[in-house]
Amino acid sequence: MSRVMEDSAALEIDTPLGGLRLLASGPFLCGAWFLDQDDLALPAREQATADEAAVLSLAEAQLRQWFDGQRRDFDLPLAPRGTVFQRAVWNGLLALPFGATVSYGQLAQAIGRPRAIRPLAQAVGRNPLSIIIPCHRVIGYDTRLTGFGGGLKRKRALLSHEGHRYPGHSPRARRVCDGQMDLPW
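Residues numbered from 1 in each chain as written. Predicted model: local features only at pLDDT ≥ 70, side-chain atom pairs only at ≥ 80, totals over all residues. Heavy atoms only, no water.

- Per an unreviewed UniProt entry, the protein is named Methylated-DNA--protein-cysteine methyltransferase, and its organism is Bordetella genomosp. 12.
- Quoted verbatim from the Subcellular location (unreviewed entry) heading of the UniProt record, the comment on the protein is "Cytoplasm".
- In the Function (unreviewed entry) part of its UniProt record, the protein is described as follows: "Involved in the cellular defense against the biological effects of O6-methylguanine (O6-MeG) and O4-methylthymine (O4-MeT) in DNA. Repairs the methylated nucleobase in DNA by stoichiometrically transferring the methyl group to a cysteine residue in the enzyme. This is a suicide reaction: the enzyme is irreversibly inactivated." (UniProt positions renumbered as here; feature names shortened; annotations may be inferred.)

## Examining the pattern of salt bridges
Turning to step 1, where the next piece is worked out: Summed over the entire model, instances satisfying the criterion amount to 6 salt bridges.
Turning to step 2, where the next piece is worked out: Residue glutamate 12 pairs with arginine 21 through a salt bridge whose shortest N-O separation is 2.5 Å.
Turning to step 3, where the next piece is worked out: Judged by relative accessible area, which is 45%, glutamate 12 ranks as partly exposed.
Turning to step 4, where the next piece is worked out: Taking the shortest distance from any N to any O, the salt bridge between glutamate 162 and arginine 137 comes out at 2.7 Å. Pair noted here: glutamate 162 is in the loop between helix H5 (152–161) and strand E8 (164–165) and arginine 137 is in the loop between helix H4 (117–125) and strand E7 (138–139), with a separation of 25 residues, a long-range link.
Turning to step 5, where the next piece is worked out: Given a relative accessible area of 5%, arginine 137 falls into the buried group. (Salt bridge = Lys/Arg side-chain N within 4 Å of Asp/Glu carboxyl O. Buried < 20%, exposed > 50% of the residue type's maximum accessible area, 1.4 Å probe, protein only. Helix = DSSP H or I, 4+ residues; strand = E, 2+ residues; numbered from the N terminus.)

## Some points on the pairing of strand E4 (residues 28–34)
Turning to step 1, where the next piece is worked out: Among the 7 residues of E4, 6 are classified as buried, and the element is accordingly described as predominantly covered.
Turning to step 2, where the next piece is worked out: Where strand E3 (residues 18–25) meets E4, 6 bridges bridge the pair, whose relative direction is antiparallel. Bridging from a neighbouring strand, leucine 22 pairs with alanine 32 of E4. (Pairing = 2+ DSSP bridges.)

## Focus: the packing of aromatic side chains
Turning to step 1, where the next piece is worked out: All chains considered together, the criterion is met by 3 aromatic pairs.
Turning to step 2, where the next piece is worked out: Judged by centre distance (6.2 Å) and plane angle (70°), the rings of tryptophan 66 and phenylalanine 98 are edge-to-face. Of the two residues, tryptophan 66 is situated in helix H1 (residues 50–67) and phenylalanine 98 in the loop between helix H2 (84–94) and strand E6 (102–103); the sequence distance between them amounts to 32 residues. Neither tryptophan 66 nor phenylalanine 98 differs from the other in exposure class; each is buried.
Turning to step 3, where the next piece is worked out: Joined through ring pairs, the aromatic side chains of Trp66, Phe67, Phe74 and Phe98 make up one cluster. (Phe/Tyr/Trp six-rings, centres within 6.5 Å; stacked < 30°, edge-to-face > 60°.)

See the structure below:
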């Protein structure tokens, strides 16, 4: 179900995992969705302001570097739109370093809300900045793959890029090893 993000402009880019729509509002990046995601947001305007064009261009460059293995962290001005709780969850995800994974329970502990696992999982699922806010790093407590708005195939590829191998295509697949791997694309 697409929705319009008020006061935003977009840039669509190609990635090794498919098209990605970036949204900016003023000097801030506020969205990044794969074009086939159910919750894909639509821009409110076709023309970007100078500030929006600059942050969209910077985000595109940093994503290309990340996919090419030349960058592990993003340095972008972010303004994800969500509740106070959702933003706390997303900040917890931003604190995860490249290659780290976390279970929902571990993330709930890390943000000081150990009993809020279900609302936390919903907040992870509503992450408006795919890849940049690394919700793909959330896995099951037993290292099993869990849901991802961009699909489990993309999640598996993103985790592989960060050194985690999940053989097979089952959503019940578990990580078999850690370590630096070749880029999956």
